[in-house]
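A look at the structure
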Amino acid sequence: MKMKMIGAALLVVGIVIGRASAAQDVPKKAYIIAQVDVSNPQQYGEYAKLSPGIIAKFGGRFLARAGRTVTLEGTPARSRVAIVEYPSFERAQAFFSSAEYQQAKKLREGAANAQFIVVEGQ
């Protein structure tokens, strides 16, 4: 009886350790936060048509995109704010560095000033 209890306890400990180890192997999500001042809406619209497909290709998904904003403290936010979630920090960087995105980004040149930040999440 005592051996069965010890065996059961070791099994539970093994499961807990295995789950903790598996959780550590899962990469943390990452978020790109973009603040954009659009000066040429028509030209920017061409960029905005291309970028969602490229974002999706790298596992990204929009959490917020050009919705209503209010600055609670500090310098006012730019006219457009977007937050895109990626499965990992590396995938977010791969999206931004990709040839596809660099090509699309050229459409934004002269149509907007932007700041893009990637931050690792939980």
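Residues numbered from 1 in each chain as written. Predicted model: local features only at pLDDT ≥ 70, side-chain atom pairs only at ≥ 80, totals over all residues. Heavy atoms only, no water.

Observations regarding the confidence of the model for the protein
Applicable threshold: A score from 0 to 100, pLDDT tells how confident the predictor is in each residue. Helical segments are the DSSP runs of H or I of at least four residues, strand segments are the runs of E of at least two, and each set is numbered from the N terminus. Note on definitions: a residue-residue contact is assigned when non-hydrogen atoms from the two residues lie within 4.5 Å.
Per-residue confidence for the protein gives a mean pLDDT of 87; residues scoring 70 or more make up 80%. At the level of individual helices and strands, the protein shows its lowest average pLDDT in helix H1 (residues 2-25), which scores 53, and its highest in helix H3 (residues 89-97), which scores 98. Note that pLDDT drops below 50 for residues 8-13; the model gives that stretch 0 contacts with residues more than four away or on any other chain.

Examining the nonpolar core
Burial of nonpolar side chains together is a common tendency in soluble globular proteins. What counts, and what does not: What makes a nonpolar core is a set of buried Ala, Val, Leu, Ile, Met, Phe, Trp, Tyr and Cys residues whose side-chain atoms join them at distances within 4.5 Å. For each residue, the accessible area found with a 1.4 Å probe, counting protein chains only, is set against the maximum for its type, and the residue is called buried under 20%, exposed over 50%, and partly exposed in between.
Judged by nonpolar contacts, the single largest core of 19 residues is most densely connected at Tyr 44, Ile 54, Tyr 86 and Phe 95. Within the residue set of this core, elements represented by two or more residues are strand E1 (30-38), helix H2 (41-57), strand E3 (80-86), H3 and helix H4 (99-108). It is H2 that contributes the most residues to this core, 5 residues altogether. Apart from the residues lying within four places of it in its own chain, the contact partners of Ile 54 are Phe 95, Ser 98, Glu 100, Tyr 101 and Ala 104.

Describing the pattern of salt bridges
As a reminder of what qualifies: Between Lys or Arg on one side and Asp or Glu on the other, a salt bridge is scored when a side-chain nitrogen of the former is within 4 Å of a carboxyl oxygen of the latter.
Enumeration according to the criterion identifies 4 salt bridges in this entry. Measuring nitrogen to oxygen at the nearest pair gives 3.2 Å for the salt bridge that ties Lys 49 to Glu 46. Taken as a pair, Lys 49 and Glu 46 lie in helix H2 at a separation of 3 residues, close to a single helical turn. The exposure class of Lys 49 is exposed, given its relative accessible area of 62%. Judged by its relative accessible area of 39%, Glu 46 is partly exposed. Among the ionic pairs, Lys 57 bridges to Glu 100, the shortest N-O distance being 2.2 Å. Taken together, the residues span a long stretch of sequence, with Lys 57 in helix H2 and Glu 100 in helix H4 at a distance of 43 residues. For Glu 100, a relative accessible area of 32% puts it in the partly exposed group.

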